[in-house]
Amino acid sequence: MTGTAISARGLTKRYGDRTVLRDLDLEVPTGSVFALLGPNGAGKTTTVRILATLSAPDDGRASVNLLDVVTQRRQVRRTISLTGQYAALDELQTGAENLRMIGALAGLNRAQARLLATELLDQLDLTEASGRRVLTYSGGMRRRLDLAAGLLRRPAVMFLDEPTTGLDPRSREQLWRVIGEVAASGTTVFLTTQYLEEADRLADRIAIVDHGRLVVEGTPSELKQQVGGELLLVTLIDHPAFEQVRAMAPKGTIDDAEKLTLTLPVTGEAAEIRRQLDLLDPHQTLIRHFGLHRPDLDDVFFAFTRTSQKETADV
């Protein structure tokens, strides 16, 4: 399937004097997994709320499945599902009862709700627990049941707002597998997450927002290439050394005062690395140790959000 599942142009949202989204543009292809990343307060959840018709933008326009999220709100809601950070389930009902109830609320008849609930419980490895009350479920089981509830109507677009927050690594892996299966079935997945590995693993394209603005967008490999082919990680001996070397570091260097580290892009050639080390620490008294590594999404995230913060501070 081709086409555009989600489109946003100039989205702006204000709460009082605070602007949480600023002229945000997004384009999400149908059938893809799109991840929206950013620091806390960057505007991720606000974006999801607007696209899922729970909040109206102050400026700009957005459409989901070619339907305007403001003027065609009811039609949009029939084609989407939203799974937030916390499972919206009735703890006193069993897993199966929850799904059958939600299916009925979605307009399914009793037989359809029962059949789909059984299929989804099996798909998400919840069949054995389906007869237990949800209050006995672990966090990972609740998240999977919440995901099953969102899939009951076979949505064209599924919004997942930090779906694995608070889960242990094994539960997170299980949920990643299910999200991958959902995307493979043709559903467009719009994901916000704090876990960069999650975005790297699942997303076809990634956008990073900071202070309500889009700062960069691309495939995971494209974003890593923008940071550089290799990164030189330098650890300083103490804070005075850190401040001294940071003042001499080239443009594009990522600094972490807490860890006393500087990360700068290099080509990886031995001559360049020696030159950089001599430039930063000519007397060989300030650097504790150094190493090389290829950029990952952590490097991308810190590079672009810190750049955004500095630009905002200069405004």
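None of these values were measured; they are calculated from a predicted model.

Draft legend 1. Highlighting the overall build of the chain. What the chain contains, in helices and strands, is eleven helices and 14 strands. Here the chain, with 315 residues, has 49% of them falling under the buried criterion. Put simply, the chain shows about 15,700 Å² of open surface, and 50% of that area lies on carbon and sulfur atoms. For the chain, the separation between the mean place of its 38 positive charges and that of its 42 negative charges on side chains is 7 Å.

Draft legend 2. Main features of the sheet that holds strand E12 (residues 254-256). Spatial strand order, E12-E13-E11-E14: four strands in an open sheet with antiparallel pairing. Both outer strands of the open sheet, E12 and strand E14 (287-293), are each paired with one neighbouring strand and no more. Across this sheet, the average inter-strand angle for adjacent strands is 20 degrees, counted without regard to direction. Of the pairings in the sheet, the one linking E12 to strand E13 (residues 261-266) comprises three bridges and is antiparallel in character. The partner of Asp 255 across the bridge, within E13, is Leu 262.

Draft legend 3. Focus on the confidence of the model for the chain. Within the chain, residue pLDDT values average 86, and 94% of them lie at 70 or more. Confidence drops under a pLDDT of 50 for residues 308-315, and excluding neighbours within four residues, the segment shows eight contacts in the predicted structure.

Draft legend 4. Inspection of the pairing of strand E4 (residues 59-64) at higher detail. Here strand E1 (residues 4-15) pairs with E4 via five bridges, running antiparallel. Across the sheet, residue Ala 8 finds its bridge partner in E4, namely Ala 62. Sheet topology note: the E4/strand E5 (residues 67-68) ladder contains two bridges and is antiparallel. Residue pairing across strands places Ser 63 opposite Asp 68, the latter belonging to E5. Here E4 hands over to E5 after two residues, with Asn 65 in that stretch at a positive phi of 55 degrees.

Draft legend 5. Broad picture of the sheet that holds strand E2 (residues 18-29). Ordered in space as E2-E1-E4-E5, the four strands form an open sheet in which the pairing is antiparallel. The two strands at the open ends of the sheet, each matched to only one other strand, are E2 and E5. The strands touched by helix H1 (residues 44-51) within the sheet are E1, E2 and E4, with E2 carrying the most contacts at an inclination of about 60 degrees.

Draft legend 6. Broad picture of the pattern of salt bridges. Counting across every chain of the model gives twelve salt bridges. When the shortest N-O distance is used, the salt bridge between Glu 27 and Arg 9 registers 2.6 Å. On the criterion of sequence distance, the pair formed by Glu 27 in strand E2 and Arg 9 in strand E1 is long-range, its members being 18 residues apart. Among the residues examined, Glu 27 registers a relative accessible area of 30% and is labelled partly exposed.

Draft legend 7. Structural detail: helix H9 (residues 239-248). Here H9 has its buried residues at Ala 241, Phe 242 and Val 245. Within H9, the buried residues cover an arc of 100 degrees as seen down the axis, which keeps them to one side. Residues Pro 240 and Ala 247 are exposed on H9 and point more than 90 degrees away from its buried face. On its buried face, H9 sits against strand E11 (230-236), E12, E13 and helix H10 (270-280). Two or three places before Ala 241, at the opening of H9, Asp 238 has a side-chain oxygen 2.8 Å from that residue's backbone nitrogen.

Draft legend 8. Spotlight on the packing of aromatic side chains. As enumerated under the stated definition, the model contains three aromatic pairs in all. Seen from their ring centres, Phe 34 and Phe 190 are 5.5 Å apart, and the 20 degrees between their planes marks the pair as stacked. Note that Phe 34 is positioned in strand E3 (residues 33-37) and Phe 190 in strand E8 (residues 188-192), a separation of 156 residues in sequence. The class for Phe 34 is buried, based on a relative accessible area of 1%.

Draft legend 9. Region of interest: the packing of helix H3 (residues 95-105) against helix H5 (residues 139-151). It is the contact of H3 with H5, at a shortest axis distance of 9 Å, that shows an interaxial angle of 25 degrees. Judged by the angle between their axes, H3 and H5 are roughly parallel. For the crossing formed where H3 meets H5, the hand is right-handed. Contacts between H3 and H5 involve Gly 95, Leu 99 and Ile 102 from the first element and Leu 145, Ala 148 and Ala 149 from the second. Its residues assigned to classes, the contact of H3 with H5 shows five nonpolar, one polar and no charged.

Draft legend 10. Molecular detail of the side chain of Ser 81. Of note, Ser 81 is situated in strand E6 (residues 80-83). A polar side-chain atom of Ser 81 sits 3.1 Å from the main-chain carbonyl oxygen of Gly 150.

Draft legend 11. Here's a closer look at the nonpolar core. Residues Leu 99, Leu 145, Leu 147, Val 189 and Ile 206 are the most contacted members of the largest nonpolar core, which totals 49 residues. Once residues within four sequence positions are removed from consideration, Ile 206 is found in contact with Ala 35, Leu 37, Ala 199, Val 216, Glu 217, Gly 218, Pro 220, Leu 223 and Leu 297. Within the second largest apolar cluster, 26 residues are counted, among which are Phe 34, Leu 36, Ala 62 and Phe 159.

Conventions adopted
- Residues numbered from 1 in each chain as written.
- Predicted model: local features only at pLDDT ≥ 70, side-chain atom pairs only at ≥ 80, totals over all residues.
- Heavy atoms only, no water.
- Helix = DSSP H or I, 4+ residues; strand = E, 2+ residues; numbered from the N terminus.
- Buried < 20%, exposed > 50% of the residue type's maximum accessible area, 1.4 Å probe, protein only.
- Areas by Shrake-Rupley, 256 points an atom, 1.4 Å probe, with all protein chains shown as cover.
- Lys, Arg positive; Asp, Glu negative; His and termini not counted.
- Charge placed at Lys NZ, Arg CZ, Asp CG, Glu CD.
- Pairing = 2+ DSSP bridges.
- Axes fitted to C-alpha atoms, helices over the stretch in contact; angles between N-to-C directions.
- pLDDT = per-residue confidence, 0-100.
- Contact = heavy atoms within 4.5 Å.
- Salt bridge = Lys/Arg side-chain N within 4 Å of Asp/Glu carboxyl O.
- Arc of directions from axis to C-beta.
- Polar contact = N/O pair within 3.5 Å; in protein donor to acceptor, adjacent residues only side chain to side chain.
- Phe/Tyr/Trp six-rings, centres within 6.5 Å; stacked < 30°, edge-to-face > 60°.
- Parallel < 35°, antiparallel > 145°, perpendicular 65-115°, else oblique.
- Left-handed = near helix turned anticlockwise from the far one by under 90°.
- Nonpolar A, V, L, I, M, F, W, Y, C, P; charged D, E, K, R; others polar.
- Core = buried A, V, L, I, M, F, W, Y, C linked by side-chain atoms within 4.5 Å.

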